[in-house]
Structures are given as C-alpha cells and as structure tokens.
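Below are the chains, spelled out letter by letter.
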Amino acid sequence: MGEARAESAAVSLKDASVRYRSRPSPGGQREASALDGVSLLARAGEVTAVLGANGAGKSTLLRVVAGLIVPDRGTLTLGGVDARTLDRREMARRVALVPQTERVADGFRVREVVAMGRSPHLDGWMLARPGDDAAVEDAMARCDLVHLAGRDVATLSGGEHRRVAIARALAQRPKVLALDEPAAFLDIKHRLALRDVLSDVARRDGVACIAALHDLEDAARLASHVVLLRAGKVLAAGAPADVMTRELLASAFDVSPTALDVPVARAPSRS
C-alpha cells in the first residue's frame, strides 16, 4: 500500500484477523479464521471493490469496517480516528452498512424506513430537521423510490426492498458507505442505475464506497481500487487492471483461467 494512499484514507484497516469457533464436537471445539491478517485502505471519492468466492471473508470484512465486529487482532481507523474510541452513535454517523439481507418490521412505509437512516444524527427527542427531510428525499430520488413512498414495505418485491436498504444508507449521509452485494435482486434497469448512483455518491459527495461484489463487470466499471480475497486472506490489492487478471481471478474463485470472461477494467471518471 502506497504512503500517499494511506495518508488520504477514509478507512485504514491494518492486519485484521477475525476468528470463530465451531460448535463442540467429539473432536473438541475447532477454531478457524474468517479474516487472517487483512489490510484495506479506502479513500474518499473512490469506489473500492472487494472480490472473492463465497466464504472468502467479504461480509466479515465489511462488518469489521462498520464496527459490528471487533477484530481479534489489528486496527481500524476512520479518517485517522481509532474506531475503538468511537461510540455506536458516532460510528453510525461515519459508516453506513447495507448487508446482504435485512428484514424490516412490517407496518412501516417506505419513506419511514428510509428516514430511519437519519436517526444517528437526531437529538434525544428524535425530531426531524429540514436537513433531515432533504437527505431522505434525495436518497429516495436516487434509488427511484419516490413513487413508492407511501407503500407498506411488506408489499415490496425483493428488488424494491434492496433499493430501500440502499436509500436508507444514503440518507444516513455517511463518510463511508459499505455495501454487501448491493445489486442482489435488482432488475437490469436498477442494476445499471446503481452503478451511476455509487459513482455519483463517491465523486459528488466525497464518500468512500466499499462494495463486496460478485459481478466482475461492475467491479471493472466502478472501482478505482480492488481487494481480492481468498480464504480470509488478501490475495491481491491494487488497481483493477493489476488485480483483475485471469490468473489471479482463477486462483481466487478456484476455476480454470480459460473458464473466465474477464472484463476490461476502465478508469472511473473523476469529473
């Protein structure tokens, strides 16, 4: 990792390890690593793609960045501040996480769920201010939800649920946006629109976006930086053209290099 990149990092995770223990068995309790010595740097204004096979540690890595998992070893700093010094409310102001799956309690309307993203910024009375309403409206417009504002979330499709989850994270107005398979359940129209949304959030809002992706084309189009995981370790990290090679991807996904259709990485526009 270059010194210039480290100095401008919104997220700096160094040598993080996360272990978990299996249930007791006749052979005794076993310990394994979800992450093993993983480091990651993410800069404001850029999209960092995290790639890897199922079980490689992508979701665990995002949960560490969001402060939901405290690593057994390693350090996390956000904008130069040690994450261990931040309480839950301050962490939520800095980092928004869109997990793979999320269940919202029935009975809430779409706008109400999106507005929940503002809760880390509200005072003790939980009263919305004009700026909160503006953040909610902007997030809903970006995710094509304005026409669904009054709908009960229980009536939504899987793709619509996904857009609500992303909109709630955008309404949070974080400095770091972590997304776990954000395009899951989205139709073609909204999958393509999501690329524009993430690119715009990074460039226009100066947010550090970290997205765990399975779609190599999305990574090639969106990312300025790629982290490739295998079995909880960083196999490679750097520019998409350097990391998304046929040989490295084949190793990460345990497939034959000839079976891969590797997209050509494009440098994201910084206009």
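Shown above is the structure to which this text applies.
Computed from a prediction, not measured in an experiment: that's the story for all the values here. (Residues numbered from 1 in each chain as written. Predicted model: local features only at pLDDT ≥ 70, side-chain atom pairs only at ≥ 80, totals over all residues. Heavy atoms only, no water.)

Novice: What should I look at first to understand the overall build of the chain in this one?
Specialist: Regarding its fold elements, the chain presents 10 helices and 10 strands. Expressed as a percentage of the 271 residues in the chain, the buried residues total 45%. Roughly 13,400 Å² of accessible area belongs to the chain as shown, and the carbon and sulfur atoms make up 51% of that amount. (Helix = DSSP H or I, 4+ residues; strand = E, 2+ residues; numbered from the N terminus. Buried < 20%, exposed > 50% of the residue type's maximum accessible area, 1.4 Å probe, protein only. Areas by Shrake-Rupley, 256 points an atom, 1.4 Å probe, with all protein chains shown as cover.)

Novice: Would you explain unusual backbone geometry in this entry?
Specialist: Residues apart from glycine generally show negative phi values, whereas peptide bonds are mostly found in trans. Backbone geometry at Phe-185 places phi at a positive 75°, although glycine is not the residue there. Position of Phe-185 among the secondary structure elements: in the loop between β7 (176-180) and α7 (188-205). Even without being a glycine, Asp-254 presents a positive backbone phi close to 55°.

Novice: What am I meant to see in the sheet that holds strand β3 (residues 47-51) here?
Specialist: Consider a sheet: its strands pair through backbone hydrogen bonds, and that pairing is either parallel or antiparallel. On the basis of which strands lie adjacent, the open sheet formed by 6 strands has the order β6-β7-β8-β3-β9-β10 and mixed pairing. On the outer flanks of this sheet lie β6 (95-98) and β10 (233-238), each paired with one strand and no other. On average, each strand axis in the sheet is tilted by 15° relative to the strand beside it, whichever way the strands run. Across 5 bridges, the pairing between strand β9 (residues 225-230) and β10 is antiparallel. Among the inter-strand pairings, Val-227 is bridged to a residue of β10, identified as Ala-237. (Pairing = 2+ DSSP bridges. Axes fitted to C-alpha atoms, helices over the stretch in contact; angles between N-to-C directions.)

Novice: What is the right way to read the nonpolar core from this model?
Specialist: What tends to happen in soluble globular proteins is that the nonpolar side chains get buried as a cluster. Core analysis: the largest hydrophobic core is formed by 51 residues, its most contacted members being Leu-51, Val-110, Val-114, Leu-145, Leu-170, Leu-177 and Met-244. Here the element with the most residues in this core is helix α6 (residues 158-171); it accounts for 7 residues. Apart from residues lying up to four places away in sequence, Leu-177 is in contact with Ala-96, Ala-169, Leu-170, Leu-198, Val-201, Val-207, Ala-208, Cys-209 and Ile-210. Among the nonpolar cores identified, the runner-up in size contains 30 residues, and Leu-40, Val-65, Ala-208 and Leu-229 belong to it. (Core = buried A, V, L, I, M, F, W, Y, C linked by side-chain atoms within 4.5 Å. Contact = heavy atoms within 4.5 Å.)

Novice: Looking at this model, I keep getting lost on the environment of Val-136. Mind explaining?
Specialist: Mapped onto the fold, Val-136 is located in helix α5 (residues 130-142). Residue classification places Val-136 among the buried positions, given a relative accessible area of 2%. For the pair Val-136 and Arg-111, spaced 25 residues apart in sequence, the C-alpha to C-alpha distance is 7.7 Å. Setting aside anything within four residues of it in sequence, one finds Val-136 in contact with Arg-111, Val-114, Ala-115, Arg-118 and Ala-171.

Novice: When you look at the packing of α5 against α6 in this model, what are you seeing that I'm missing?
Specialist: Helix packing geometry: the angle between the two helix axes and the distance between the axes. In contact at an axis separation of 8 Å, α5 and α6 are set at 145° when each is read in the N-to-C sense. Handedness of the α5/α6 crossing: right-handed. Contacts between α5 and α6 pair Ala-135, Val-136, Ala-139 and Arg-142 from the former with Ala-167, Leu-170 and Ala-171 from the latter. When its residues are assigned to classes, the contact of α5 with α6 shows 6 nonpolar, no polar and 1 charged. (Left-handed = near helix turned anticlockwise from the far one by under 90°. Nonpolar A, V, L, I, M, F, W, Y, C, P; charged D, E, K, R; others polar.)

Novice: Please clarify how the pattern of salt bridges should be interpreted in this entry.
Specialist: Working definition: two side chains of opposite charge can pair if their charged atoms are close together. Taken as a whole and assessed by the stated rule, the structure comprises 23 salt bridges. Residue Glu-90 pairs with Arg-94 through a salt bridge whose shortest N-O separation is 3.0 Å. Taken together, the residues Glu-90 and Arg-94, both in helix α3 (residues 88-94) and 4 residues apart, mark about one turn of the helix. For Arg-94, a relative accessible area of 18% puts it in the buried group. Residue Glu-137 is joined to Arg-111 by a salt bridge in which the shortest nitrogen-to-oxygen separation is 2.8 Å. With Glu-137 in helix α5 and Arg-111 in helix α4 (residues 110-115), this pair connects stretches of sequence that are 26 residues apart. Judged by relative accessible area, Glu-137 falls into the partly exposed class, the value being 37%. (Salt bridge = Lys/Arg side-chain N within 4 Å of Asp/Glu carboxyl O.)

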